[in-house]
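Residues per chain, in single letters:
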Amino acid sequence: MEKKETLAANVIPELMKAASRKGEVTSSAIVSIATKLSIPVTAVEQVATFYPSLSIPPAKHQISLCKSLSCHMERSSAIYKAIKKELSINKAGVSPGGKFSITLTSCLGLCGEGPAMMVNDKSFTALRPAKALKILEALK
Amino acid sequence: MSSMSPADNLALEKALAIKPEEIIDEITESGLRGLGGAGFPVGRKWRTVREARSDKKFVICNAEEGEPGTFKDRYLIENFPEMVIEGVLIAMHAVGAKQSYIYLRREYGKGYESLKKAVRGFPPGLIKKFGSPEVTLWKGPGGYICGEESALIESISGRRAEPQSRPPYPTEAGLFGHPTLINNVETLANVPLIFNMGAEKYRESFKKIFCVSGDVKKRGIYKAAPGVTLRELVFNHADGMKSAKRFKLALVGGVSGRVFSSDDLDLKLDYELFGNGAIIVLDESRSLRDTILNIAEFFAEESCGKCAPCRQGTSRFEAILKRKYKNKDGSKDMEVLKLLSTVMKDTSLCGLGRTATNVFDDIVKKFGQEVLMTS
Ligand code: SF4
Ligand code: FES
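What to know about the interface of chain B and chain A
- In this assembly, 49 residues from chain B lie in contact with 36 residues from chain A.
- Where chain B abuts chain A, roughly 3400 Å² becomes buried across the two surfaces, and 53% of that area is made up of carbon and sulfur atoms.
- For Lys67 of chain A, the salt bridge identified is with Glu301 of chain B, shortest N-O distance 2.6 Å.
- For the interface between chain B and chain A, the tally reads 18 residue pairs in polar contact (both at pLDDT 80 or more).
- If you list the elements that add at least two residues to the side of chain B that touches chain A, you get β2 (99-105), β3 (134-140), α8 (149-156), β5 (208-214), β11 (278-283) and α13 (288-302) of chain B.
- With seven residues, α13 of chain B is the largest single contributor of residues to the side of chain B that touches chain A.
- Class assignment of the residues belonging to the side of chain B that touches chain A gives a composition of 18 nonpolar, 14 polar and 17 charged.

What about the packing of aromatic side chains?
Residue and element names in this part refer to chain B.
- The tally for this structure, following the rule as stated, stands at 14 aromatic pairs over all chains.
- Here the aromatic rings of Tyr144 and Phe299 are separated by 5.8 Å at their centres, their planes lie at 80 degrees, and the arrangement is edge-to-face. With a gap of 155 residues between them, Tyr144 in the loop between β3 and α8 and Phe299 in helix α13 connect regions that are remote in the sequence. Each of the two residues, Tyr144 as well as Phe299, counts as buried.
- Consider the rings of Phe317 and Phe360, whose centres lie 5.1 Å apart with planes at 90 degrees: the pair is edge-to-face. Note that Phe317 is positioned in helix α14 (residues 308-322) and Phe360 in helix α17 (residues 358-367), a separation of 43 residues in sequence. Each member of the pair, Phe317 as well as Phe360, carries the same accessibility label: buried.
- One aromatic cluster is present, formed by Tyr202, Phe206, Phe210, Tyr271 and Phe274 through successive ring pairs.
- The ring of Tyr112 has Lys139 lying over it, and the distance from NZ or CZ to the ring centre is 4.7 Å.
- Cation over ring: Lys366 sits above Phe260, and NZ or CZ is 5.8 Å from the ring centre.

Some points on the environment of Arg47 of chain B
- Along the polypeptide, Arg47 of chain B turns up in helix α3 (residues 42-51).
- When neighbours within four sequence positions are excluded, Arg47 of chain B is seen to be in contact with Ile24, Asp25 and Thr28 of chain B.

A short note on the pattern of salt bridges
- Applying the stated criterion to the full structure yields 34 salt bridges over all chains.
- As a salt-bridge pair, Lys208 of chain B and Glu186 of chain B come within 2.6 Å of each other at their nearest N and O atoms. Separated by 22 residues along the polypeptide, Lys208 of chain B in strand β5 and Glu186 of chain B in helix α9 (residues 185-197) bring together distant segments of the chain.
- Look at Lys208 of chain B and you get buried, because its relative accessible area is 0%.
- Glu297 of chain B is the partner of Lys322 of chain B in a salt bridge, and the nearest nitrogen-oxygen pair spans 3.6 Å. One end of the pair, Lys322 of chain B, is in helix α14; the other, Glu297 of chain B, is in helix α13, and 25 residues separate them in sequence.
- Bridged by salt links that share partners, the residues Glu74 and Arg128 of chain A together with Asp215, Arg219, Lys242 and Arg286 of chain B form one connected network.

Regarding the confidence of the model for chain A
- For chain A, the mean per-residue pLDDT works out to 91, and 95% of the residues sit at or above 70.
- When mean pLDDT is taken per element in chain A, helix α5 (residues 69-73) of chain A scores highest with 98 and helix α1 (residues 3-8) of chain A scores lowest with 69.

Description of the sheet that holds strand β3 (residues 117-119) of chain A
Residues and elements named next belong to chain A.
- Within the open sheet, the four strands sit side by side as β2-β1-β3-β4. Their pairing is mixed. The sheet terminates laterally at β2 (100-105) and β4 (122-124), the two strands that pair on one side only. Averaged over all pairs of adjacent strands, the angle between their axes in this sheet comes to 20 degrees, without regard to strand direction.
- Along the sheet, helix α6 (residues 76-86) makes contact with β1 (61-66), β2 and β3, crossing β1 at roughly 155 degrees.

As for the domain arrangement of chain A
- Domain parsing of chain A yields domain 1 (2-55) and domain 2 (61-137).
- Here domain 1 of chain A and domain 2 of chain A have C-alpha centroids that lie 28 Å from each other.

Calculation criteria
Sequence positions are assigned chain by chain, starting from 1 and proceeding in written order. Each chain gets a letter, beginning with A, and each ligand a number, beginning with 1, in the order they are written. Confidence filtering applies because this is a predicted model: local features only for residues at pLDDT of at least 70, side-chain atom pairs given and counted only at 80 or more, and all residues used for totals across whole chains, interfaces and linings. Processing note: side-chain calculations cover all non-hydrogen atoms of the structure and skip hydrogens and water entirely. Note on definitions: a residue-residue contact is assigned when non-hydrogen atoms from the two residues lie within 4.5 Å. Buried area, as used here, totals the accessible surface that two parts lose on assembly, with accessibility defined by a 1.4 Å probe and the loss added over both. Definition used for salt bridges: Asp or Glu carboxyl oxygen within 4 Å of a side-chain nitrogen of Lys or Arg. The term polar contact refers here to a pair of N or O atoms within 3.5 Å; inside protein, the definition further demands a hydrogen-donor-capable atom paired with an acceptor-capable atom, and it admits residues adjacent in sequence only when both atoms are side-chain atoms. A run of H or I in DSSP counts as a helix once it spans at least four residues, and a run of E counts as a strand once it spans at least two, with each numbered from the N terminus. Gly is placed with the polar residues, together with every amino acid not listed as nonpolar (Ala, Val, Leu, Ile, Met, Phe, Trp, Tyr, Cys and Pro) or charged (Asp, Glu, Lys and Arg). Planes of paired rings set the category: under 30 degrees apart is stacked, over 60 is edge-to-face and the rest tilted, where pairs are Phe, Tyr or Trp rings (Trp by its six-membered ring) whose centres lie within 6.5 Å. Partly exposed describes any residue whose relative accessible area lies between the buried limit of under 20% and the exposed limit of over 50%, with all areas from a 1.4 Å probe on protein chains only and scaled to the type maximum. Distance and angle both matter: a charge sits over a ring if NZ of Lys or CZ of Arg is within 6 Å of the ring centre and within 35 degrees of the ring normal. Summary of the metric used: pLDDT quantifies the predictor's per-residue confidence within the range 0 to 100. Here, a strand pair is defined by DSSP locating no fewer than two bridges between the strands. A fitted line through C-alpha atoms represents every axis, and for helices the fit uses only the stretch in contact; the resulting angles, taken between N-to-C directions, go from 0 to 180 degrees. By convention here, the domain bounds are inherited from an automatic or database domain assignment.

Here you go:
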């Protein structure tokens, strides 16, 4: 086994773990991953900043709403507006108290049933603004 | 097919009964080609990895489905995970790999669970006969570029998912420098079928998965033999247009694919034309400028930024389409966009930059640039 290489290859699984705990990868998490895998902190940083899904604003419920073409054609932007307004989402994309965060994402592979969103690991499809708000209301 | 029963492992038993070389012959005989969009003959790719000299080889199943309009890998993984795993196991046996990865995007958590269950469901005795290969389900952070073979390898290696120039090809020096076979989910899911029914029968009955979305009545997954026309897919399978508005165009192969106008409805969709099988249908009420802008935004965001033509090209493209055109009719901006498109096509390092403006080019060619000039 290429011990060193495979050890360094753990950087992404480690970052994903840190992100799923905190929502985004904190700088202290980066340092501890670097120490654990004995690679430079900058190397971990470079990887962490490359993948947008590792810097989703932390919140109890992370909403990812698809904005790619098939969902865009089904007016996903209206859903985005409704959620932002109804949940008083701030500029950083987070609702008061950190209950919800919302990010617009690229295609989620649900284009046949769009507009689509994921809340944490669960997907929701055929959304309309009212339906999306109801789903989120139930999570409050 | 979705539940495990002894009969379901027939393909594995059959593959085990013959030599790896014979497996590859069978695959070649079946005519199977890469179904992720490239259309490369699968048998030939397997043979290259088989013949590569190395004490270690890898198989990677590419499940980083990211092309807008594509949802077949999600469908296959969630509903037929056993077939995907069987395909991986047969591929490993054929090329001589002891380790494999299934590279899944982060959003495919449900698929991850079904694959995990499927892996556990195989009879241990059978797996042992395969030499107890290691199948790692690798949940990646995702991103369109991670679907590019060399970027995907970078990502598993723990680096930024930046495409690498070739040669060497992954089949020669891939993951951790070893020969690596990378096949798409749909490609691998077809492999057990070849052994279940035999190469010849498979060849005759092969069906490609098409993902139809947009302005049709019934969006969804449809299976059809290559050579099917867009008219059949849109008006028969998907039951026609959603409203009284007429068909305007379809993006075949997703947002990096090609534009089919109503003149092209009867073209036979073969490997050269169907791309990955994604079909996004637009009716006559759709603004083409808005469509082009949405696509430009997508590529500006998904460009990995490694090479200048794509990094700057995609972001300038987006910026121009987003603002008001400079002169009243937009003709000056249109010239800049066309130039950018040519430069990106000719000089980008990987497929993302080279295909980002396909839809723009085709719309200009088929509908005239005027359709994009008025906002
Ligand atoms: S073409 Fe675009 S995506 Fe590909 S390497 Fe260059 S910058 Fe990255
Ligand atoms: S375009 Fe929204 S899920 Fe694919």
